[in-house]
Amino acid sequence: MIRPEDQLRAGHIPADLLPPGSDPRTVVIVHTTPRSWAGPVVVILAATVGLCGVVYITTIAVLSLIEVAATTAVAVKAAIPTLIGGGGLITLAVKVPKSHK
């Protein structure tokens, strides 16, 4: 056993870990469990997938709105001559007051 952790797990207590004057038979070494990274990794993956989903859905919604707006603009452009009544060109006349000399 090369590593000290392996020695401790096997129940071998190195002499430098014992307090002076203590009986090695009465010393209890408590081992902590190794940290599991499964929980934090799953949370990060879920957050990433959720964020990508929100971006995707938002993009689809915006593109759909742009498509609807473009279709509406084309329909309105085609319907304006009919709505105005005539179908010809619309002319605007500006009256300019005559100057008195």
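## With respect to the overall build of the protein
Move 1: When helices and strands are tallied, the protein shows two helices and zero strands.
Move 2: Across the 101 residues in the protein, those meeting the buried criterion constitute 1%.
Move 3: Summed over its atoms, the accessible surface of the protein is roughly 9500 Å², and 70% of this surface lies on carbon and sulfur atoms.

## Comments concerning a nonpolar patch on the surface
Move 1: A grouping of W37, V41 and L45 is seen on the molecular surface, where their side chains present a nonpolar patch of about 330 Å² in accessible area.
Move 2: On the secondary structure map, L45 appears in helix α2 (residues 38-84).

## Points about the packing of aromatic side chains
Move 1: Considering all chains together, one arrives at zero aromatic pairs under this definition.
Move 2: Taking NZ or CZ as reference, R35 lies 4.6 Å from the ring centre of W37, over its face.

Cut-offs used in this document
Counting restarts for each chain: residues are numbered from 1 in the order of the written sequence. Predicted model: local features are reported for residues with pLDDT of at least 70 only, side-chain atom pairs are reported and counted for 80 or more only, and whole-chain, interface and lining totals are derived from all residues. Side-chain descriptors were evaluated using all non-hydrogen atoms of the structure, hydrogens and water having been removed beforehand. Here a helix means four or more residues in a row that DSSP labels H or I, a strand means two or more in a row labelled E, and each is numbered from the N terminus. Here the term buried applies to any residue with accessible area under 20% of the maximum for its type, exposed to any over 50%, and partly exposed to those in between, with areas from a 1.4 Å probe on protein chains only. Accessible areas in this description were obtained via Shrake-Rupley with a 1.4 Å probe; residue shielding takes into account the shown protein chains only. Residues qualify for a patch when their relative accessible area is over 30% and they have no salt bridge, like charges being joined within 9 Å and the nonpolar side chains of Val, Leu, Ile, Met, Phe, Trp and Tyr within 5 Å. A carboxyl oxygen of Asp or Glu within 4 Å of a side-chain nitrogen of Lys or Arg is what we treat as a salt bridge. In summary, the pairing rule links any two rings of Phe, Tyr or Trp, Trp by its six-membered ring, whose centres are within 6.5 Å, and it sorts them by plane angle into stacked for under 30 degrees, edge-to-face for over 60 and tilted for everything else. Lysine and arginine charges are scored as sitting over a ring when NZ or CZ, respectively, is within 6 Å of the ring centre and within 35 degrees of the ring normal.

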